[in-house]
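Spelled out, the chains give:
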Amino acid sequence: MKHQKINDNIRNIAIIAHVDHGKTTLVDAMFRQSGTFRDNQETAERLMDNMDLERERGITIAAKNCSVLWHDKKINILDTPGHADFGGEVERALSMVDGAILLVDASEGPLPQTRFVLSKALAAGLKIIVVINKIDRADSRVSEVLDEIYELLIDLDADEEQLEFPLFYAVGRDGIASESLENMGKDLSCLFKAIVEEVPGPSYRDNEPFQMLVSDLSYSDYLGRLAVGKVIHGSVHSKDSLVCINFEGKAQNLSVTKLQVYEGPGLADTNQVEPGDIVVLSGIDKVLIGDTICTRENPKALPRITVDEPTVSMLFAPNNSPLLGKEGKFVQSNKIGERLQKETMLNVSINVEQLPSGAGFIVKGRGEFQMVILIETMRREGFELSVGRPHVIFKKDEDGKTIEPIEHLFVDCEEVYTGVVTEKLSQRKGRMTNFISHENGRARLEFSVPSRALIGYRDEFLTDTRGTGIMSSYISGYELYRGDFPERHTGSLVADRAGNCVPYAIFNLEPRGNMFVIPGDVVYEGMIVGEHSRDNDLNVNPVKTKKLSNMRASGKDEAVICTPVMPLSIERAIQYIKEDELVEITPKSIRLRKKILTAQDRKMDRNRN
């Protein structure tokens, strides 16, 4: 008889929090207080945000693992992304843990992205520990936030055991936590104690052979591909004979060169691992997320990791502008395809389909922000490409009718702006579901809106609320298609020739609309240089110089002052473009352009259609 056992030496937990609620800072404090670092050792802040993009944006993008020791108990900590677009990362992380710390800001309370990750944790039956962080904020409202946490858990169908959660109040920046507001502790010892006592150790069946579910992949220049996952049953030695069972159920022999476990923020070599530990196997070539690694004598597959289906698709195509190859290292279609295929191996929530005749690739993911991060990562690696506008992926219901993803949108803004926000969202087929007016002059609105309504709206929302509004959402499900609505009311100013932009030309084009280029920028025919104030496209000459005569001095004519231009970001660019437009992405530049560059060819294409 194979008995269920618990490995009491290990605890596996995930940390769930919205962006900027202090998750990574709390992990830093846990490192320091567990003795991971020497007292005089210099360490970087936000140690778990090890990607450049994470440090710049102040968010967690990739789920990452680390461990701390507390009274001889090993605590594996998984830092989960707080954004629903990285749901694939969330589901991978939660497959390896037995409990979760829900970290909530004492002022902002639980926000939509928290809801998404928490719903996954509750569905997995994880033990929840709640930490209300940043209680030292001047605008903290601890009792109201606690009520909101209970409401959220009840709304997500938490069971009675999950509702009876251990509660702590913390200032993560100072590394202190307490069970009561009156007597704040001096460190995080009460939180460590709760993790050890409340979160169960990983369970396994006695006498079962070794089984490990691959939940993450990484790569080392020295060791090759790294397979990361939790040991479900049994134990393994560094030189054991193993096999990998793929999605087709076929077993393939493996040659493992090294066995490693997490020690602090890094890895440490080991000869043997226990059931329930999170392990890293090195030197495995052909392995994918969701595969099972087990012994050759007893090959048995585990249930694969499942993720929600993609909701957004985008065109990724080779760049074919006149400036091709001047700023990037990788421009060929096959190089772009290889890089996208590599991304699908590391990220289970991304799918890639190749278009015929080398026209590019359709990349499907969980949201436009996930696409933006992928594009930004590729441009930093030296890729040059063109991308199209994000499209929502529609489905058909049982009756053959079109259904679309619907998002539950939360808007926090000053009350004076609620009218324009409601008007704009109702034009985009949004329906208000809740309105709460706060005493401080701000209001919280909730809407049910189609996902496609939010593409291109975020910048407009910031303009309408004078930069003071906060907007966040999560996908609530699919509903019948709500109908068409106008997505952009303005046309584009399109360059009709190549050259360098001239101050005189830009100054005279400014009355036509908002410019995207500044004097000295290189342009080509078909490149979008501005947003037309009317709804039609206009071909313009941004390189035109003023004709001089002997009655004028050349210096005087140059003395024009152009309006400053806001630099284009990838988010702003992909939200702005229409169906017949592309964003040209290079390591140095972001340009907008027409798919068909010459004015004559565009006119012929319109006549054909």
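Every chain's residues receive numbers from 1 upward, in the order its sequence appears when written. Restriction of local features to residues with pLDDT of at least 70 applies here, the model being predicted, together with a cutoff of 80 or more for giving and counting side-chain atom pairs; totals for whole chains, interfaces and linings are based on all residues. As a convention, hydrogens and water are excluded, and side-chain values are obtained from all of the structure's heavy atoms.

Asker: Any chance you could explain the overall build of the protein here in plain terms?
Answerer: A run of H or I in DSSP counts as a helix once it spans at least four residues, and a run of E counts as a strand once it spans at least two, with each numbered from the N terminus. Looking only at helices and strands, the protein features 16 helices and 37 strands. Summary of the burial criterion: residues with accessible area below 20% of their type's maximum are buried, those above 50% are exposed, and those between are partly exposed, where the area comes from a 1.4 Å probe applied to protein chains only. Buried positions account for 53% of the 609 residues belonging to the protein. Every residue pair with non-hydrogen atoms within 4.5 Å of one another is taken to be in contact. Counting contacts in the protein only where the partners sit at least 6 residues apart, residues at least 24 apart contribute 71% of the total. Note on areas: Shrake-Rupley with a 1.4 Å probe; residue coverage comes only from the protein chains shown. Counting only carbon and sulfur atoms, one obtains 48% of the accessible surface of the protein, whose full area is about 28,400 Å².

Asker: Teacher, can you tell me more about helix H1 (residues 23-33) here?
Answerer: Each α-helix winds once per 3.6 residues, and so residues spaced three or four apart point in a common direction. The element H1 is largely enclosed, with a buried count of eight among its eleven residues. Looking only at H1, the buried set comprises Lys23, Thr24, Leu26, Val27, Asp28, Ala29, Met30 and Phe31.

Asker: When you look at the environment of Thr465 in this model, what are you seeing that I'm missing?
Answerer: Here Thr465 is to be found in the loop between helix H12 (458-464) and strand E29 (470-480). Thr465 sits 50 residues away from Glu415 along the chain, and the two C-alpha atoms are 9.8 Å apart. Residues within four places of Thr465 in sequence aside, it is in contact with Cys413, Tyr417 and Val421.

Asker: Could you clarify how one ought to interpret the side chain of Arg444 in this entry?
Answerer: Along the chain, the position of Arg444 falls in strand E28 (residues 442-450). We count Lys and Arg on the positive side and Asp and Glu on the negative side, and we leave His and both chain ends out. We count a salt bridge whenever a side-chain nitrogen from Lys or Arg sits within 4 Å of a carboxyl oxygen from Asp or Glu. Put simply, Arg444 is tucked away with no salt bridge, and the nearest opposite charge, on Glu148, sits 4.7 Å away. Setting aside residues up to four positions removed in sequence, Arg444 forms contacts with Pro110, Leu111, Phe410, Val411, Asn434, Phe435, Ile436 and His438.

Asker: What am I meant to see in the pairing of strand E2 (residues 10-17) here?
Answerer: Sheet faces and side chains relate simply in a regular strand, where the side chains alternate between the two faces. With eight of eight residues buried, E2 is to be regarded as a mostly interior element. Every second residue of E2 is oriented toward a common face, with Ile10, Asn12, Ala14 and Ile16 on one face and Arg11, Ile13, Ile15 and Ala17 on the other, all of them buried. Two strands are said to pair when DSSP picks up at least two bridges between them. Direction of pairing for E2 relative to strand E4 (residues 73-79): parallel, over a ladder of six bridges. Residue pairing in the sheet places Ala14 in a bridge with Leu78 of E4.

Asker: What am I meant to see in the packing of helix H8 (residues 333-346) against helix H9 (residues 368-380) here?
Answerer: For any two helices packed against each other, the geometry is given by the interaxial angle and the distance between the axes. Closest axis-to-axis distance for the H8/H9 pair is 12 Å, and the angle between their directions is 130°. By the angle between their axes, H8 is oblique relative to H9. With respect to the hand of their crossing, H8 and H9 are arranged in right-handed fashion. Contacts from Ile336, Arg339, Leu340 and Glu343 of H8 reach H9 at Leu374, Thr377 and Met378. Classes in brief: Ala, Val, Leu, Ile, Met, Phe, Trp, Tyr, Cys and Pro nonpolar; Asp, Glu, Lys and Arg charged; the others, Gly included, polar. Residue composition of the contact of H8 with H9, by class: four nonpolar, one polar and two charged. Axis angles are defined between N-to-C directions and span 0 to 180 degrees, where every axis is a line fitted to C-alpha atoms and, for a helix, only to the segment in contact. Throughout, the term roughly parallel applies to angles under 35 degrees, roughly antiparallel to angles over 145, roughly perpendicular to angles from 65 to 115, and oblique to all others. By definition, turning the near helix anticlockwise from the far helix through less than a right angle yields a left-handed crossing, and turning it clockwise yields a right-handed one.

Asker: How should I be thinking about the nonpolar core in this particular structure?
Answerer: Across soluble globular proteins, nonpolar side chains have a tendency to be buried as a group. Grouping buried Ala, Val, Leu, Ile, Met, Phe, Trp, Tyr and Cys residues that are joined through side-chain atoms within 4.5 Å yields what is termed a nonpolar core. Counting residues in hydrophobic clusters, the biggest one holds 39 residues, and the most contacted among them are Leu102, Leu118, Ile128, Val130, Ile132 and Ile149. It is helix H5 (residues 142-155) that contributes the most residues to this core, six residues altogether. Discounting residues that sit within four places of it in the chain, Ile132 has contacts with Val104, Ala106, Val142, Val145, Leu146, Ile149, Leu167, Phe168, Tyr169 and Ala170.

Asker: What am I meant to see in the environment of Leu324 here?
Answerer: Residue placement: Leu324 occurs in the loop between strand E20 (312-318) and H8. Leu324 gets classed as partly exposed once you look at its relative accessible area, which sits at 41%. Here the alpha-carbon distance between Leu324 and Glu384, two residues 60 residues apart in the chain, equals 8.0 Å. Those residues in contact with Leu324 that sit more than four places away from it in its chain are Asn319, Val331 and Glu384.

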